[in-house]
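If you want the building blocks of each chain, they are given just below.
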Amino acid sequence: MIQQLFGFLSYYIPEVMCVVLMTTLLVAEAAVKDEHGKRTKIYTYALVVLGLTLIPLFQNLGKAPAHIFFNAVTIDTFSTLIKIIMVMGAMGSIILSFSSKDIYSNLKSEFAILAVGVLIGGMLLASANNFITLYVGIETLSILSYVMATLKRDESTSAEAGLKYILYGGLTAGIALFGMSHIYGALGTVQFTEIYDKVADLEGTKLWIVIVSSVFFFGGLAYKVSAFPFHMWSPDVYQGAPIPVTTFFSIVPKLAGLTALVRVSMVFFNNNEALTNSWVALLLVVAGMTMTVGNVTAIGQNSVKRMLAFSSIGHVGLMILGVAVLNEAGFRALIFYSIVYMFMTLCTFYITSHLNDMYGTDNYDVFRGLIYKHPVMALVMVGTLLSLAGIPPFSGFVAKFSIFNIVIEKKYYGIAVVAAVNAVISVYYYLRLAKVIIFGKADGAEAVTGFGRLNQGVIVAFFIPVLFLGIFWEKIFTLAGSALIFIR
Amino acid sequence: MNGILNWILWMPIIGMIAVLVTPKAKENVIRMVALASTAVTLILSVILYLNFDSSTADMQFVVKIPWIEHFHINYFLGIDGITMLMTFLNALLFFICTLSSWTVDKSVKAYFALLLMLQSTVFGVFFALDFFLFYVYWEVMLIPMFFLIGIWGGENREYAAVKFFLYTFFGSIFMLVGIVALYYATGKGPDSFNILAHQGGHFVNEVVRVFGFEISFEKLFFWFMFLGFAIKVPVFPFHTWLPHAHVQAPTAVSVILAGVLLKMGTYGFLRIAFPIFPSAAVEYSTLIAVLGLISVIYGAFCAMAQDDVKKLIAYSSVSHMGFVMLGISAMTTQGVNGAVLQMFNHGTSTAMMFLLIGIIYERSHHRWIVKPDGSLGYGGLSTKLPKFTTVFIIGMFASMGLPGLSGFISEALIFLGIYQKFTTITVIAVIGLLLGAAYLLWMFKRMFFGPVNPECENYTDLNAREIFYMVPLCICVILFGIYPSPLLNVMKASVGQLVELLAKF
């Protein structure tokens, strides 16, 4: 028994490291006195340990997939890849929070602690193999997220964001739990492995119970990935929360939710035709609506953060298509998309954050004439916007291409056309910002301060993959292609 | 000789890098570097022409390097007779545009870097034989165009730049759906992104389901491709972006836009939409011809109504590209030959018109034939600017299609071609020629004849640089008007193969 547990732990080193990191951070934060020096030390420590977790994660990529902790958790290449992306995204937002003025300086170490906590929840969610783990993952993720949203506690927008988040979160978690309990009632198990077998010959009333309760259950996950019609919280939360938190929210919880969605889809809905059809129809409609609502609403925004929030809803719509095809090619495309999306998000939010620190607002106006004030950052921003819009030679195009690819492989031409129209809409609002940056007249000629050498280096480092994954994407695509979902 | 396409394709990029590393303050060095780069490209394309074997319709100077093996995407270049002409036109026009852009003094470095990048992407579109590569170049081209129009354009440049970008992107995203659908229709094999392997009507019997309706694969994706290319040409009713883009763009960019970028649309029909979906193309050829006809007539009427001379030429481009659409929709040897020739000739003659308008704009800082207050913007230019007038007459008559100049040959061939297929359309299209003569001559009368407008008193005539870059175009227009065989011979085999393919359906 003990030996078995140690065997499991060899798969679980990254998570254990994160838990140790979080607890030591908590102790360190309380124990060490000196305010500024402490912060630097805590940040360095957190980043180093998070960087180190990447090593066992990459080692896990090479191992055979396994169910550990008596089928509670699955470690397979798919979840491991997503965890790698989440860890990198968390590191990126922690680096951003260090220099951001949007987070009160006495709360910065708290941000790092909470971020690691959410990351742990995300990792748990990504490899959950039964309903209990899944629900615990969702809740760990959510409860810490509510706190993060209110980090800017002196401002009413942040408090509003937190309250909205918690109300929506509580409601959808309840709905999801309701759905889960009915599925348990119908199938008599919470283990995904057993469910996979049991749904195969499901029919009659039980089938209907499972179909209806899976829709309820979907609500819980859709809320986490901010899919239509559970997306309403996300713009307010994104705008109200401090920018590093927004960056973090648009990467870690979103990817965790998508991973859980992929796993659930593969387990439940790939083994019974009636179930598959209803689920795919649901996902296609949700994906189409999510894209359309996100992109159309993004057009009218004047706050860049809010625009990016809506645009990320649009991107989630495309990513859900990667789930809806219910095959390996689909979630491989999803992983590639996630990698690219992470880098693009980090780039745009970094630059927005620094401008926000300087001017105190994230309105489009602060970008006006950026090309004259800070050419390098302006070009990086425009490049990233074009990439988000899916224009070659940037990586966003390849990501979009891979999604089109899998959708058309399944011959879902209708949704492909919807996605195409959405791509055009998204180009419009990204260009609107690019236009302000490049064609706008700067009010003053003064150069933008705040882009220190280090920050510029970090931003360019995030931009390099955005550019190069659009041209030399074979290696990463092959890596994403090695992703496998282990069911039994 | 095999790597020469690589050199032509990447030479502008080398030039762009050279421009970028030159210090910002040395504006003349930057201009010289850009000129040198385009000159080398022009020389290379002449060498290409001299080595071109016009007896075969096969792709020549082929380069094929695997790019993304997972999807069988290759870096696959090659040219045939049709692209040979376009290559030469592109190299020539960019050389001339670099010279004509000598007077640009706003962010010189960025301007020439973007211009050179644009040249490379246009070459890429014409050379690419891999569908993915084609699409990448087709889209990347939007980036330099967006900035060139948006930064160096006229008062309303931002609107024009965004409109241009969105319109083209709208068309091309549907093309992307078509490209991916073709990839799966051919079974993801090693040739799934190979444009040449798709040609020949392999998809006649395939059926797809869209929102529950059964539609022929060939017809559906023919229209997807059609949308992408028709917006680029532009064919009525997709032409509304063109006047804005042309009027707002700086002179050199207008020249490039009318001279080569519009040809990418018709080239797409000839290389992709027609040969890959031949039976749909044949089935809808009447509709395409009618759209071409509307472009001809409607474009001409719109041109006649313009008070802005640049807008007038922009609408005349719609009209002239309508003739190209008529020629290719005929699917006869003369028709397609005429269309390809018209692509080249329109490139040279419209380039002349836009360059001359740019030259006069530098002197007058307005482009009104009739100002909004009703007075004439120009007048009596022929007495004040004799050299300018001479060149203008050559360009104008060439685009009008006067016998002896290049436009005549191509339009005559197009009419010969379509008469065999669509008699009524031919008869109506001839009115387009008449209208063309009317709006051009009317414009000429108001600008060049009559009493000398006091504002035009101190305009200077063409200087040596301007004469230097107008001469090659004059030679092209006159020479190919009298002796078009160097052009016709080059494309004969390739056009013949296309017509033969279409005749089977």
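Residues numbered from 1 in each chain as written. Chains lettered and ligands numbered in written order. Predicted model: local features only at pLDDT ≥ 70, side-chain atom pairs only at ≥ 80, totals over all residues.

Right, let's get into the overall build of chain A. Tallying secondary structure elements over chain A gives 20 helices and two strands in all. A compact globule built from 488 residues would reach a C-alpha radius of gyration of about 23 Å, and chain A, at 22 Å, matches this within 12%. By principal-axis analysis of the C-alpha atoms, chain A measures approximately 70 × 55 × 45 Å. Residue burial in chain A is summarised as follows: out of 488 residues, 56% are buried. By sequence separation, contacts in chain A at least 24 residues apart represent 79% of the contacts at least 6 residues apart. (Helix = DSSP H or I, 4+ residues; strand = E, 2+ residues; numbered from the N terminus. Rg over C-alpha atoms; globule rule 2.2 N^0.38 Å. Buried ≥ 20, exposed ≤ 12 C-beta atoms within 10 Å, placed from the backbone. Contact = placed C-beta atoms within 7 Å.)

Now for the overall build of chain B. From N to C terminus, chain B includes 21 helices and four strands. Compactness check: chain B gives a C-alpha radius of gyration of 22 Å against a globular reference of 23 Å for 505 residues, within 12% of the reference. Projected onto the principal axes, the alpha-carbon positions of chain B cover approximately 70 × 55 × 45 Å. For chain B, with 505 residues in total, the buried portion stands at 60%. Taking all contacts inside chain B whose residues are at least 6 apart in sequence as the whole, residues at least 24 apart take part in 79%.

Residue and element names in this part refer to chain A. Viewed as axis vectors pointing N to C, helix α13 (residues 304-324) and helix α17 (residues 395-409) meet at an angle of 40°, and their least axial separation amounts to 9 Å. Comparing the axis directions of α13 and α17 gives the class oblique. Relative to α17, α13 is oriented so that their crossing is left-handed. Between α13, through Leu318, Leu321 and Gly322, and α17, the contact on the second element is made entirely by Lys400, Ile403, Ile406 and Val407. Classifying every residue of the contact of α13 with α17 gives five nonpolar, one polar and one charged. (Axes fitted to C-alpha atoms, helices over the stretch in contact; angles between N-to-C directions. Parallel < 35°, antiparallel > 145°, perpendicular 65-115°, else oblique. Left-handed = near helix turned anticlockwise from the far one by under 90°. Nonpolar A, V, L, I, M, F, W, Y, C, P; charged D, E, K, R; others polar.)

We now examine the interface of chain B and chain A. Across the boundary between the two partners, chain B contributes 28 residues, which contact 26 residues of chain A. Of all the secondary-structure elements, those providing two or more residues to the side of chain B that touches chain A are α5 (131-140), α6 (142-152), α7 (157-185) and β3 (207-210) of chain B. By residue number, the principal contributor to the side of chain B that touches chain A is α7 of chain B, which donates 13 residues. Here the residues of the side of chain B that touches chain A sort into 22 nonpolar, two polar and four charged.

The next subject is the pairing of strand β1 (residues 60-68) of chain B. Residues and elements named next belong to chain B. Pairing analysis gives six bridges linking β1 to strand β2 (residues 73-79), with the strands arranged antiparallel. Following the sheet pairing, Val63 is matched in β2 by Leu77. In textbook terms, the turn of a hairpin is the stretch between consecutive antiparallel strands, and for β1 and β2 this stretch comprises four residues, one of which, His72, has a positive phi near 55°. (Pairing = 2+ DSSP bridges.)

A few words now on the packing of helix α4 (residues 77-99) of chain A against helix α14 (residues 328-359) of chain A. Residues and elements named next belong to chain A. Orientation of α4 relative to α14, taken along the N-to-C sense of each, is 0°, at an axis distance of 11 Å. Here α14 runs roughly parallel to α4, going by the angle between their axes. For the pair α4 and α14, contact is made by Phe78, Leu81, Ile82, Ile85, Met88, Gly89, Gly92 and Leu96 and by Phe331, Ile335, Ser338, Ile339, Met342, Leu346, Phe349, Tyr350 and Ser353, respectively.

Now for the confidence of the model for chain B. Residues and elements named next belong to chain B. Here chain B shows a mean pLDDT of 90. Residues at 70 or above account for 100%. The spread of mean pLDDT over the elements of chain B runs between β3, the lowest at 81, and helix α4 (residues 108-127), the highest at 93. Reported for the predicted complex are a pTM of 0.92 and an ipTM of 0.90. (pLDDT = per-residue confidence, 0-100.)

On to α17 of chain A. All names here are of chain A. Counted at 1.5 Å a residue, the expected span for α17 with its 15 residues is 21 Å, and the 21 Å between its end C-alpha atoms agrees. Among the 15 residues of α17, 14 are classified as buried, and the element is accordingly described as predominantly covered. Looking at the residues trailing α17, positive phi occurs at Lys411, about 65°. (Expected span 1.5 Å × (residues − 1).)

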